[in-house]
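Structural features, examined
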Amino acid sequence: MNRYSLISRLAQQVVQNHLKTMPVAVITGARQTGKSTLAKDLISPSRQFYSLDDFEILSNFLQYPRQLLSSDLPITIDEIQLAPSLLKEIKLAVDHHRIEGQFLLTGSANLLLMKDISESLAGRASYITLWPTTRRERLQVNPPSLWQELLSLADRDWLAFFKSQKLYRDDWRKLVLRGGFPTPAWQLKTNPQCSIWFDSYIKTYLERDLRNISSISSLPDFRRIMQILCLRIGQLLNQAEISRITGIPQPTIWRYINLLEISYMLIRLPAYTSNKGKSLLKTPKIYWADTGLGLHISKGQINGFHLENLILTDFMSWNDASTLNAEIFHWRTTSGQEVDFVIEYNGNLLPMEIKASNLPTAKDIKNIHVFQEMYPQSRCGILLHSGQTLEWLSPKVLALPWWYLI
């Protein structure tokens, strides 16, 4: 048995619930996040499994799609993006005989953003995003995430709750370096081995995955854009500046960024722009879906923005596996006041600051107070930091070591 298959994923129960509700469930995410492993773990004796990575299987499906898809048994098709034409046949099969859990599909591109696919499955499919593994998934601790507790508990109960939790201290820099892809995070023993794996991943991504989505006229230009973006993790996206630095036209940069987002490499974090009489920036910030890969591409140094990235991807992994439908933003005024993350859910706003500092101070939370004054409906804020302080820094902001939460 694959050692990684022993890891229980946040998304596992979600996929099972979707299979009980919809005729088609689609697991999407970047290559090597564990989609195939998750799909295989969900196979019952009565379920057929086909991987389109196998050229013979792919060829058979392209030649005889209707015959292969008309089976009485439920079907799992891995890497569906390799044969998008199958989606129309799946649509016909579902329309002919609609059965919950009839098809489980996996794909390495954001199928929701691919027009032909999303239109083919409209009203017939539900989508689950599988992100790289989180720290608590790899630790196999229960509960596998504490975001639900943070958002659902009353503010006054936060301190007692987190004090009651078992500690799993860690070095966030080591976590950033390895990232969450199962192979480098879980299986490989040394950092040089991880570097070899990341090099191979980038090569496969550039030479295979991108070609399945769109043509790239210049791979060197695309690599350069990737590196520049990875060097700007946690910063505002400025396409004009990138164009000026590289000499690459802005429309091309815009297209490359979209491709990176479609293939789950790049995360554009939108700005919270609810108008409260103060000028707010609407520019998104950029993060990478996997900190280890992003750091490897950038060839840069680990910094506090990578801790932000670690927190963000952990939240997204939990959120995509939850039923809360929370949204996460950043907030910044034109005068420079900013809050790293704002989580909006059920009419609530929760502001969060992330500091790679061992000694949190009142200065670190001043912008949370500004945000709370502007939005009275805001809950108490959270300052996640790399020290050991677990206490109220003010009546409205709790200082919390990052390892208590993720």
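First, a word on what this report is: a plain description of the structure on this page. (Residues numbered from 1 in each chain as written. Predicted model: local features only at pLDDT ≥ 70, side-chain atom pairs only at ≥ 80, totals over all residues. Heavy atoms only, no water.)

1. Regarding the pairing of strand β8 (residues 327–332)
Of all 6 residues in β8, 5 are buried; the element is thus mostly enclosed. Pairing of β8 with strand β9 (residues 338–345) involves 5 bridges; the strand directions are antiparallel. Note on β9: the bridge partner recorded for Glu327 is Glu344. (Buried < 20%, exposed > 50% of the residue type's maximum accessible area, 1.4 Å probe, protein only. Helix = DSSP H or I, 4+ residues; strand = E, 2+ residues; numbered from the N terminus. Pairing = 2+ DSSP bridges.)

2. Looking at the nonpolar core
Residues Trp147, Phe222, Trp288, Ile343 and Leu405 are the most contacted members of the largest nonpolar core, which totals 77 residues. The element that contributes the greatest number of residues to this core is helix α12 (residues 191–213), accounting for 8 residues. Tyr50, Leu86, Ala93 and Leu105 belong to the second-largest nonpolar core, a separate cluster that totals 21 residues. (Core = buried A, V, L, I, M, F, W, Y, C linked by side-chain atoms within 4.5 Å.)

3. Notes on the side chain of Ser243
Among the structural elements, Ser243 can be located in helix α14 (residues 239–246). According to the relative accessible area criterion, Ser243 is buried, its value standing at 15%.

4. Structural notes on the sheet that holds strand β4 (residues 103–107)
The strand order β2-β3-β4-β1-β5 describes an open sheet built from 5 strands, whose pairing is parallel. With partners counted over all chains shown, the strands left at the sheet margins are β2 (48–51) and β5 (125–129), one partner each. Strand after strand, the sheet turns through a mean of 15° between neighbouring axes, direction not considered. One ladder, built from 5 bridges, connects strand β1 (residues 24–28) with β4; its direction is parallel. (Axes fitted to C-alpha atoms, helices over the stretch in contact; angles between N-to-C directions.)

5. Focus: unusual backbone geometry
A cis geometry characterises the amide bond from Asn142 onward to Pro143, with omega recorded as 0°. The residue Lys299 is not glycine, and still its phi comes out positive at about 60°. Looking at the secondary structure, you find Lys299 in the loop between α16 (291–298) and α17 (304–320). Assessed through its relative accessible area of 56%, Lys299 is described here as exposed.

6. Thoughts on the sheet that holds strand β13 (residues 397–401)
Read across the open sheet, the 6 strands follow the order β8-β9-β10-β11-β13-β12; overall the sheet is mixed. Two strands bound the open sheet, and with one partner strand each, they are β8 and β12 (391–394). Taken pair by pair, the neighbouring strands of this sheet meet at an average axis angle of 30°, ignoring direction. Looking at chain direction, β12 and β13 are connected through 3 bridges and run antiparallel.

7. Some remarks on α17
Owing to its 3.6 residues per turn, the α-helix brings residues three or four apart onto one side. For α17, built from 17 residues, the straight-helix expectation of 24 Å at 1.5 Å per residue is met to within 8% by its first-to-last C-alpha distance of 25 Å. Burial analysis of α17 places 14 of its 17 residues in the buried class, which makes it a mostly covered element. Taking the backbone nitrogen of Phe305 as reference, a side-chain oxygen 2.9 Å away marks Asn303 as the first, capping residue of α17. (Expected span 1.5 Å × (residues − 1). Polar contact = N/O pair within 3.5 Å; in protein donor to acceptor, adjacent residues only side chain to side chain.)

8. Description of the environment of Asp171
Structurally, Asp171 can be placed in the loop between α9 (158–163) and α10 (172–178). Classification of Asp171 as partly exposed rests on a relative accessible area of 30%. In this structure the side chain of Asp171 is engaged in a polar contact, spanning 2.9 Å, whose partner is the backbone nitrogen of Arg173.

9. Points about the packing of aromatic side chains
Applying the stated criterion to the full structure yields 20 aromatic pairs. Members of the aromatic cluster, connected to one another through ring pairs, are Tyr272, Phe329, Trp331, Phe371 and Tyr375. (Phe/Tyr/Trp six-rings, centres within 6.5 Å; stacked < 30°, edge-to-face > 60°.)

10. A few points about the pattern of salt bridges
Any two side chains of opposite charge can pair, given that their charged atoms come close. Going through the model one piece at a time under the given rule, you end up with 12 salt bridges. For Lys355, the salt bridge is made with Glu353, and the minimal N-O distance between the two is 3.6 Å. A residue is classified by how much of its surface remains accessible, and Lys355, at 27% relative accessible area, is partly exposed. When its relative accessible area of 4% is taken as the criterion, Glu353 is described as buried. (Salt bridge = Lys/Arg side-chain N within 4 Å of Asp/Glu carboxyl O.)

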